[in-house]
Amino acid sequence: MTQRGIAGPVCNLKFVTLLVALSSELLFLGAGVQLQDNGYNGLLIAINPQVPENQNLISNIKEMITEASFYLFNATKRRVFFRDIKILIPATWKANNYSKIKQESYEKANVIVTDWHGAHGDDPYTLQYRGCGKGGKYIHFTPNFLLNDNLTAGYGSRGRVFVHEWAHLRWGVFDEYNNDKPFYINGRNQIKVTRCSSDITGIFVCEKGPCPQENCIISKLFKEGCTFIYNSTQNATASIMFMQSLSSVVEFCNASTHNQEAPNLQNRMCSLRSAWDVITDSADFHHSFPMNGTELPPPPTFSLVQAGDKVVCLVLDVSSKMAEADRLLLLQQAAEFYLMQIVEIHTFVGIASFDSKGEVRAQLHQINSNDDRKLLVSYLPTTVSAKTEVSICSGLKKGFEVVEKLNGKAYGTVMVLVTSGDDKLIGNCLPTVLSSGSTIHSIALGSSAAPNLEELSRLTGGLKFFVPDISNSNSMIDAFSRISSGTGDVFQQRIQLESTGENVKPHHQLKNTVTVDSTVGNDTIFLVTWQTSGPPEIMLFDPDGRKYYTDNFITNLTFRTASLWIPGTAKPGHWTYTLNNTHHSLQALKVAVTSRASNSAVPPATVEAFVERDSLHFPQPVMIYANVRQGFYPILNATVTATVEPETGDPVTLGLLDDGAGADVIKNDGIYSRYFFSFAVNGRYSLKVHVNHSPSISTLAHSIPGSHAMYVPGYTANGNIQMNAPRKSVGRNGEEQKWGFSRVSSGGSFSVLGVPAGPHPDIFPPCKIIDLEAVNVEEELTLSWTAPGEDFDQGQATSYEIRMSKSLENIQDDFNNAILVNTSKRNPQQAGIREIFTFSPQISTNGPEHQPNGETHESHRIYVAIRAMDRNSLKSAISNIAQASLFTPPNSDPVPARDYLILKGVLTAMGLIGIICLIIVVTHHTLNRKKRADKKENGTKLL
């Protein structure tokens with residue numbers, strides 16, 4: 001075992017002990033929403049800087065959360081409510097009665113308030129990218145939804161809508177309606193409206209008013225112009241995840257009210273479990289109990305916070321460890337790029353360094369010009385210390401001294417901490433860090449960096465990065481490129497278009513093409529870095545063939561960088577670069593390209609890369625995500641590739657998918673996902689994602705992701721139909737990107753422990769099948785699903801085990817004893833391929849099925865689930881449960897009575913016509929024979 005493996009647990013134990021000793025108030029800082037004594041603390045609502053100042057927006061947010069708190073308290077049977085709320089006010093708003101932020105930022109918000117950027121729609125929604133019971137990313141409201149009272153007619157009161165969305169965000173439940181499948185055929189072969197609970201009543205409405213069901217449903221198809229309108233007065237109390245707008249609805253569907261047959265997302269994602277079942281199984285409910293008494297909880301308290309001046313301090317390690325593997329050079333190159341290009345105008349920047357002691361290198365200096373940037377670059381360290389020891393706390397202490405000189409406190413400031421040294425005493429400054437109000441972004445270099453370094457970032461809400469000692473890795477520049485002001489203003493942030501590096505032999509070339517699309521182009525920078533003295537020979541061609549050479553680049557021979565700024569807006573199209581290694585030895589040549597939005601009305605395409613968990617133990621896989629979109633619209637059919645760099649060994653590349661299978665929960669939501677489990681060593685791993693999109697339609701109409709609160713088209717009241725205003729569409733027409741686009745983003749770092757040394761037996765099973773579907777055609781059942789792999793979603797599984805039951809309880813709780821379907825002739829295909837399997841379920845299910853309790857169960861519904869096995873008999877988790885109608889019961893009425901009557905009439909008419917035709921033919925034939933007989937007789941008489 002390595003020295004790190006021995007010391008790690010001891011250090012971690014000391015660190016955990018220190019965390020336990022700290023006050024809960026300190027630990028809540030940067031930790032997101034926390035549930036304490038039945039109340040949620042730390043809920044952050046952020047208003048985008050693009051939203052015009054409007055004090056009514058703040059008032060309406062307060063009213064919404066206050067109403068939601070009491071509604072949620074009753075809906076959860078006195079379990080939870082909202083206690084402490086923070087509203088982040090944009091820095092662009094002029095009123096001055098706001099507190100200063102600590103570690104809050106737009107990017108950390110649980111709820112965001114912003115427009116759709118050009119689309120006309122106000123659907124509240126929650127971005128959910130994980131499975132059932134797992135929380136979402138954020139809730140999105142438009143300013144118009146929060147200000148326009150007319151919208152409450154269709155959505156219900158804002159407080160009720162918030163509870164609907166909160167259940168998505170916090171507990172991972174899904175919608176119980178389905179606009180694409182508004183009705184379905186139940187187990188008794190009856191047509192039912194998709195709803196939960198089934199007790200909610202209403203009427204069918206045709207173009208001219210109320211009409212019977214048979215007028216709307218013809219041959220099992222819903223007639224255009226028909227809709228189902230719900231009664232405004234109901235007795236049903238559920239469900240909030242279906243129609244929170246009904247005044248009678250005050251609870252979630254539970255086991256007794258849940259409609260398991262409805263074809264909605266809740267049933268598909270949660271294997272037919274009720275929303276309340278999923279909610280009560282959450283950590284919130286495991287750690288809280290209903291409040292005693294009958295009193296309501298206190299109303300929420302609100303804090304209005306606003307960012308002040310942007311303040312950043314670079315805290316840089318200069319110990320002797322930084323001399324290894326060109327670490328200091330990499331730091332110089334990336335820090336120069338950060339100061340010259342990434343940091344926004346008017347930001348205050350200072351620099352501190354440390355080895356065993358801290359030192360202030362540059363006091364705060366506001367960036368107002370290019371000269372200010374150059375001055376700060378001149379303060380970057382140029383040599384390393386002879387000392388091997390590091391004191392991260394000493395460096396941070398100097399950093400706090402720098403930033404506190406502006407306003408006396410470090411509230412709202414940012415520290416960029418870069419270190420390669422191990423520091424066993426890092427926990428000593430933890431209380432100071434937590435109470436400072438500063439956010440710490442950490443960048444660990446090499447394998448010897450302090451194991452607990454990332455805790456400083458986690459507890460302050462900062463980002464975590466890792467830079468391996470790989471000569472051609474661009475991870476350092478990628479990390480600095482990812483660190484932004486966090487304001488949420490995508491029009492001001494730098495967008496990374498390219499990041500690549502290669503070890504190039506003498507007199508060989510690094511040649512590639514980067515695409516500058518029409519949504520970016522302002523302030524475009526090409527950066528070239530190298531290892532040895534003297535720059536490579538650089539040639540850059542724009543889309544029109546204009547050439548730029550080494551002499552056109554601004555060169556820093558000390559830091560070995562060359563940069564080219566394109567004035568105005570860079571021409572859209574393909575830019576081709578060639579770097580020729582003129583040195584006599586192999587060296588790493590690297591290129592990075594960044595730009596900004598070209599049009600303040602058109603948001604640029606962006607990618608955000610992240611992992612589900614940043615610390616895990618082997619053999620748990622890492623789930624990698626890349627959120628690719630333009631504004632809030634998902635970009636489909638992109639080529640997304642993740643590159644994972646370990647502490648030692650070669651990088652691993654992995655294609656991410658948006659196919660709704662394996663790690664990807666929802667298809668075509670613009671979030672590309674994949675399992676990663678190719679762990680070579682213990683320690684840190686760095687993640688970077690490349691996105692390329694070919695020239696095509698990049699955004700599609702009706703492709704807004706997430707779970708939406710239902711908009712009700714109208715109600716019936718006292719026999720009168722009251723229709724609401726038509727819901728505005730949030731879809732947009734496709735925009736053709738002539739050149740396509742390319743994007744790069746760092747996904748930060750994650751760490752893995754427990755990786756065995758050397759070869760190890762197969763311990764990775766196939767992944768769970770999450771998209772099983774069943775369709776009944778006459779007497780056969782057709783199943784379809786996406787094939788899993790030998791190991792999670794990679795490779796090819798060995799066999800399938802399909803089981804079915806007439807009882808949902810049987811297949812949920814006792815899968816191994818459900819009826820086994822013969823799949824001996826079905827061999828799994830390669831992972832990612834769509835499987836189709838047809839069989840006759842009646843062969844095995846003609847009689848009543850015996851239940852575990854000895855009773856029999858008659859059903860016209862069949863439930864099916866599947867799991868895969870690999871060659872070592874490792875089994876996947878049981879799939880989602882699919883369902884279908886078995887057959888038409890002989891004593892039930894045929895589905896569409898009108899269709900049956902029409903068919904009966906047609907057949908009767910055809911029968912009568914046939915009989916009449918037969919009579920005519922027979923009569924005609926008889927008369928003809930008689931006529932011929934008479935002619936013959938007359939002829940004989942003449943003779």
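Residues numbered from 1 in each chain as written. Predicted model: local features only at pLDDT ≥ 70, side-chain atom pairs only at ≥ 80, totals over all residues. Heavy atoms only, no water.

## Considering the overall build of the protein
Helix and strand counts for the protein stand at 19 helices and 53 strands. Burial statistics for the protein: of 943 residues in total, 54% are counted as buried. The long-range fraction of contacts in the protein, counting pairs at least 24 apart against all pairs at least 6 apart in sequence, stands at 76%. For the protein, the exposed area adds up to about 40,900 Å²; of that, 52% sits on carbon and sulfur atoms. (Helix = DSSP H or I, 4+ residues; strand = E, 2+ residues; numbered from the N terminus. Buried < 20%, exposed > 50% of the residue type's maximum accessible area, 1.4 Å probe, protein only. Contact = heavy atoms within 4.5 Å. Areas by Shrake-Rupley, 256 points an atom, 1.4 Å probe, with all protein chains shown as cover.)

## Brief notes about the packing of helix α12 (residues 327-342) against helix α13 (residues 370-378)
One can describe the packing of α12 onto α13 by two numbers: an axis separation of 9 Å at closest approach and a directional angle of 165 degrees. In terms of orientation, α12 lies roughly antiparallel with respect to α13. Crossing of α12 against α13: the hand is right-handed. Only Asn 370, Arg 373, Lys 374, Leu 376 and Val 377 of α13 make contact with α12, whose side of the interface consists of Glu 336, Leu 339, Met 340 and Gln 341. A class-by-class count of the residues in the contact of α12 with α13 yields 4 nonpolar, 2 polar and 3 charged. (Axes fitted to C-alpha atoms, helices over the stretch in contact; angles between N-to-C directions. Parallel < 35°, antiparallel > 145°, perpendicular 65-115°, else oblique. Left-handed = near helix turned anticlockwise from the far one by under 90°. Nonpolar A, V, L, I, M, F, W, Y, C, P; charged D, E, K, R; others polar.)

## Observations concerning the sheet that holds strand β31 (residues 573-580)
Spatially, 4 strands are ordered β25-β31-β27-β28 in an open sheet, and the strand pairing comes out antiparallel. Pairing within the sheet leaves two strands with one partner each, and these edge strands are β25 (509-516) and β28 (547-549). With direction set aside, neighbouring strand axes in the sheet form an average angle of 15 degrees. Examined bridge by bridge, β25 and β31 share 8 bridges and lie antiparallel to one another. Opposite Val 514, over in β31, you have Trp 575 as the bridge partner. (Pairing = 2+ DSSP bridges.)

## A few points about the state of the cysteines
Throughout the structure, instances matching the rule amount to 4 disulfides. Here Cys 132 pairs with Cys 270 through a disulfide, and the sulfurs are 2.1 Å apart. Of note, the bridge from Cys 132 to Cys 270 carries an S-S torsion of about 105 degrees and is right-handed in sense. Within this pair, whereas Cys 132 is found in the loop between β8 (125-127) and β9 (138-141), its partner Cys 270 is found in the loop between α9 (265-269) and α10 (275-280), the two being separated by 138 residues in sequence. With relative accessibility at 3%, the residue Cys 270 sits in the buried group. (Disulfide = S-S within 2.5 Å.)

## So, the pairing of strand β42 (residues 714-717)
Alternating residues of β42 divide into Gly 714 and Thr 716 and Tyr 715 and Ala 717, and every residue in both groups is buried. Pairing of strand β16 (residues 227-231) with β42 involves 2 bridges; the strand directions are parallel. Counterpart to Asn 231 in the pairing with β42 is Thr 716. Inspection of the sheet shows β42 paired to strand β43 (residues 720-723) by 4 bridges, in the antiparallel sense. Note that in β43 the partner of Gly 714 across the bridge is Met 723. Linking two consecutive strands that pair antiparallel, namely β42 and β43, is a turn of 2 residues; a positive phi of about 55 degrees is found at Asn 718 within it.

## Some thoughts on the packing of aromatic side chains
How two aromatic rings sit relative to each other is given by the distance of their centres and the angle of their planes. For the structure on display, the rule yields 37 aromatic pairs. Seen from their ring centres, Tyr 129 and Phe 610 are 5.3 Å apart, and the 85 degrees between their planes marks the pair as edge-to-face. Taken as a pair, Tyr 129 in the loop between β8 and β9 and Phe 610 in strand β33 (residues 605-611) lie far apart in primary sequence, 481 residues in all. Assessed through its relative accessible area of 10%, Tyr 129 is described here as buried. (Phe/Tyr/Trp six-rings, centres within 6.5 Å; stacked < 30°, edge-to-face > 60°.)

## Describing the pattern of salt bridges
Scanning the model with the defined rule gives 31 salt bridges in all. Arg 743 is paired through a salt bridge with Asp 517; the nearest N and O atoms lie 2.8 Å apart. Of this pair, Arg 743 sits in strand β44 (residues 741-753) while Asp 517 is found in the loop between β25 and β26 (520-529), placing the two residues 226 residues apart along the sequence. When its relative accessible area of 1% is taken as the criterion, Arg 743 is described as buried. In this structure, the salt-bridge partner of Arg 834 is Asp 771, at a minimum N-O distance of 2.6 Å. Here Arg 834 is found in strand β49 (residues 834-839), whereas its partner Asp 771 is found in the loop between β44 and β45 (773-777), with 63 residues between them in sequence. A cluster of three or more residues bridged by salt bridges with shared partners is formed by Lys 321, Glu 324, Arg 327 and Asp 469. (Salt bridge = Lys/Arg side-chain N within 4 Å of Asp/Glu carboxyl O.)

## Concerning helix α16 (residues 453-460)
Because each turn of an α-helix spans 3.6 residues, side chains separated by three or four positions in sequence point in the same direction. In terms of residue burial, α16 counts as a mostly covered element, since 6 of its 8 residues are buried. Buried within α16 we find Leu 453, Glu 454, Leu 456, Ser 457, Leu 459 and Thr 460.

## Quick look at the sheet that holds β16
Taken together, 5 strands build an open sheet; the order of strands is β13-β12-β16-β42-β43 and the sheet is mixed. One side of each edge strand has no neighbouring strand; the edge strands of this open sheet are β13 (209-210) and β43.

## Here's the deal with the packing of α12 against helix α17 (residues 475-482)
For any two helices packed against each other, one specifies the crossing angle of their axes together with the interaxial distance. Where α12 meets α17, the axes come as close as 9 Å, and the angle between the chain directions of the two elements is 30 degrees. Here α12 lies roughly parallel to α17, going by the angle between them. Between α12 and α17 lies a crossing of right-handed hand. Contacts from Leu 330, Leu 331, Ala 334, Ala 335, Phe 337, Tyr 338 and Ile 342 in α12 reach Met 476, Ile 477, Phe 480 and Ser 481 in α17. Looking at side-chain class alone, the contact of α12 with α17 contains 10 nonpolar, 1 polar and no charged residues.

## Side note on the pairing of β9
Burial along β9 is two-sided: Tyr 138 and His 140 and Ile 139 and Phe 141, pointing in opposite directions, are all buried. As paired elements, strand β7 (residues 111-113) and β9 share 3 bridges and run parallel to each other. Looking across to β9, one finds that Ile 112 is bridged to His 140. Taken together, the 3 bridges between β8 and β9 define a ladder with antiparallel strand orientation. The residue bridging Leu 127 from the neighbouring strand is Tyr 138, located in β9.

## Digging into the confidence of the model for the protein
For the protein, per-residue confidence averages 88 on the pLDDT scale, and residues scoring 70 or more make up 86% of the total. Every residue in residues 19-30 is under pLDDT 50, and counting partners more than four places away or in other chains gives 26 contacts. Within the model, the stretch residues 843-848 combines pLDDT values under 50 with 12 contacts to residues more than four positions away or in other chains. (pLDDT = per-residue confidence, 0-100.)

## A look at the nonpolar core
Grouped together as the largest cluster of nonpolar side chains are 72 residues, with contacts concentrated most on Ile 47, Phe 82, Phe 141, Phe 162, Trp 166, Trp 171 and Phe 252. The element best represented in this core is helix α3 (residues 55-75), accounting for 9 residues. Excluding residues within four positions of it along the chain, Phe 141 makes contact with Met 64, Val 111, Ile 112, Val 113, Thr 114, Pro 124, Leu 146, Val 161 and Phe 162. Core analysis: the next-biggest nonpolar cluster, separate from the first, contains 53 residues, Ile 101, Tyr 138, Tyr 633 and Leu 656 among them. (Core = buried A, V, L, I, M, F, W, Y, C linked by side-chain atoms within 4.5 Å.)

## Digging into the side chain of Lys 464
The residue Lys 464 is located in strand β23 (residues 464-467) in this model. One polar contact links Lys 464 to Asp 614, side chain to side chain, over a distance of 3.0 Å. Residues in contact with Lys 464, not counting those within four places in the same chain, are Ser 442, Glu 454, Ser 457, Asp 614, Gly 748 and Ser 749. (Polar contact = N/O pair within 3.5 Å; in protein donor to acceptor, adjacent residues only side chain to side chain.)

## Let's talk about unusual backbone geometry
At the junction of Cys 196 and Ser 197, the peptide bond is cis and its omega measures out at 10 degrees in the coordinates. Geometrically, the link from Phe 618 to Pro 619 is a cis peptide bond, its omega value of 10 degrees lying close to zero. Positionally, Pro 619 belongs in the loop between β34 (615-617) and β35 (622-630). A positive phi angle is found at Asn 38, which is not glycine, with a value near 75 degrees. When you line up the elements, Asn 38 lands in the loop between β1 (34-36) and β2 (39-41). The class of Asn 38 is buried, set by a relative accessible area of 13%. The phi dihedral of Ser 271 is positive, around 50 degrees, even though this residue is not glycine. Inspection of the secondary structure assignment puts Ser 271 in the loop between α9 and α10. A residue is classified by how much of its surface remains accessible, and Ser 271, at 13% relative accessible area, is buried.

## What to know about the side chain of Ser 876
Tracing the backbone shows Ser 876 in the loop between β52 (861-869) and β53 (882-885). What makes Ser 876 buried here is its relative accessible area of 4%. Residues contacting Ser 876, with those up to four places away along its chain left out, are Pro 765, Pro 766, Cys 767, Lys 768, Arg 867 and Ala 868.

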